[in-house]
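Geometric and topological summary
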Amino acid sequence: MKNKIDVHTLIRFSKGKYSYNEYLKVKNWFNKVDENQAIKDQLFAQWEKLNEGKSGSDDSLHHIFEKVQYTILLEEKKNSKKVFIWNFYRQAAAILIIPVLAFSLWFYTTTRPTQHINQAQHINQSWAEINAPEGARVEFLLPDSSRGWLNAGSKLKYPVAFNTNRKVELVGEAYFDVKHQKLSEFIVSVNDMDVHVHGTKFNVSAYVDDTFTDVVLKEGKVEIRGKTGKFNQMLLPDEKISFNRGTKSLNQIEVDANRFMAWKDGFLIIDNETLGEVTKRLERWYNADFIIVDEVLKNYRFKATFQDEPLDEVLRLIAKTTPIHYTIKKRKVDSDGIMEQKEVTLTLK
């Protein structure tokens, strides 16, 4: 018979040990099982062979075959004269097993390879996500042993198959301590640039509502490759790169890297920033909504350092150095039993 397969092919197939050509042959063979009596006869013959010298090592339909044989042997022992029972049960078992075997292998051939491909594609395309809600900071550990922190209001996405594709996507701010791997580059992708890393410690700030995207390096070396702007820049320790999204300009300066990473240890450092910039940071840090009534206040600049201070204390100290009056709206519980966001109003004294 053309494309004839034997019992050894079926056994290899049931163990998953087969070539693509064998897969096509088995699939074609079982697709025609109901149309060809010769195929049914051959299945019966192979069923006979499977019963001969069957060992426990092959689990391909073994649990079905073993139960049928055990029942037959019990009947034989009860009445050795009733030999016809053996033949009857064997034939009945073969008749039952043929459609079961045919359906099982048909299902395997028509769905299993596709499922494996789809599952592999799904894994390769699947991403995991870490979120740090506003008012919180989250420490994370990636599958390659790289670690870091997510600042408030940030999220980090990375592929499930991370060891072969170490590219993460960041929205917000994060500190990274990257594990070096010779054959696998680590990339942090933000809206404006990709940061290519080779085992190092650095900070990336890329909030959607900020004007700048900043990268500060503490140890090692990173390469900054622009997306919206055409630039390719190397960064050395204690250097900072700022990309202005409005002007598409790039600025690289020397800094104290520790100051830009102190947030992960609970320090809120304000360094000659306008009130407009400060309130954005306070909104994320304290999960609050700031309303600046008088526009002139947005241009006031501040320089201060806070460590784990409550919001009202921060506002009290700011108000001491600036003609600002603030009110904090009393938080209410919404219909779902969740506390509403803090609301702070700033006015000129």
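Definitions and limits used
- Residues numbered from 1 in each chain as written.
- Predicted model: local features only at pLDDT ≥ 70, side-chain atom pairs only at ≥ 80, totals over all residues.
- Heavy atoms only, no water.
- Phe/Tyr/Trp six-rings, centres within 6.5 Å; stacked < 30°, edge-to-face > 60°.
- Helix = DSSP H or I, 4+ residues; strand = E, 2+ residues; numbered from the N terminus.
- Buried < 20%, exposed > 50% of the residue type's maximum accessible area, 1.4 Å probe, protein only.
- Lys NZ or Arg CZ within 6 Å of the ring centre and 35° of its normal.
- Contact = heavy atoms within 4.5 Å.
- 1 Å grid on protein atoms, 1.4 Å probe; cavity = no way out; pocket = protein on both sides within 12 Å on 5 of 7 lines; lining within 4 Å.
- Points joined across faces, edges and corners; volume = space filled by probe spheres on them.
- Nonpolar A, V, L, I, M, F, W, Y, C, P; charged D, E, K, R; others polar.
- Core = buried A, V, L, I, M, F, W, Y, C linked by side-chain atoms within 4.5 Å.

**Details of the packing of aromatic side chains**
Counting across every chain of the model gives six aromatic pairs. With centroids separated by 6.1 Å and ring planes inclined at 65°, the aromatic side chains of Phe176 and Phe186 adopt a geometry described as edge-to-face. With Phe176 in strand β5 (residues 167-177) and Phe186 in strand β6 (residues 186-189), the pair connects residues that are 10 residues apart, well separated along the chain. With respect to burial, Phe176 and Phe186 carry one shared label: buried. On the basis of an interplanar angle of 20° and a centroid distance of 5.2 Å, the ring pair of Phe176 and Phe202 is categorised as stacked. Linking Phe176 in strand β5 with Phe202 in strand β8 (residues 201-206), this pair joins segments that are 26 residues apart in sequence. With respect to burial, Phe176 and Phe202 carry one shared label: buried. Just above the ring of Phe260 sits the side chain of Arg259; from NZ or CZ to the centre is 4.2 Å.

**What about the side chain of Arg284?**
If you trace the backbone, Arg284 turns up in helix α7 (residues 275-286). Arg284 has contacts with Glu134, Gly135, Ala152, Tyr207, Asp209 and Asp210, leaving out every residue within four places of it along the chain.

**Some thoughts on empty space enclosed by the protein**
Overall, the coordinates contain one cavity of 30 Å³ or more when judged by the stated rule. The space that makes up the largest cavity amounts to roughly 50 Å³. Leu275, Leu282, Leu315, Ile318, Ala319, Ile324, Tyr326 and Leu346 together form the lining of the largest cavity. Of all elements in the fold, only α7, α8 (311-321) and β17 (324-329) reach the threshold of two or more residues within the lining of the largest cavity. The dominant element in the lining of the largest cavity, judged by the number of residues it contributes, is α8, at three residues. Taken together, the residues that form the lining of the largest cavity break down as eight nonpolar, no polar and no charged.

**Topic: the nonpolar core**
Core analysis: the biggest nonpolar cluster contains 30 residues, and Phe176 and Phe202 have the highest contact counts within it. Considering each element in turn, this core owes the most residues, four residues, to β5. Excluding anything up to four places from it in sequence, Phe202 contacts Ala174, Tyr175, Phe176, Val178, Val188, Val195, Val197, Val216, Leu217, Lys218, Val222 and Met261.

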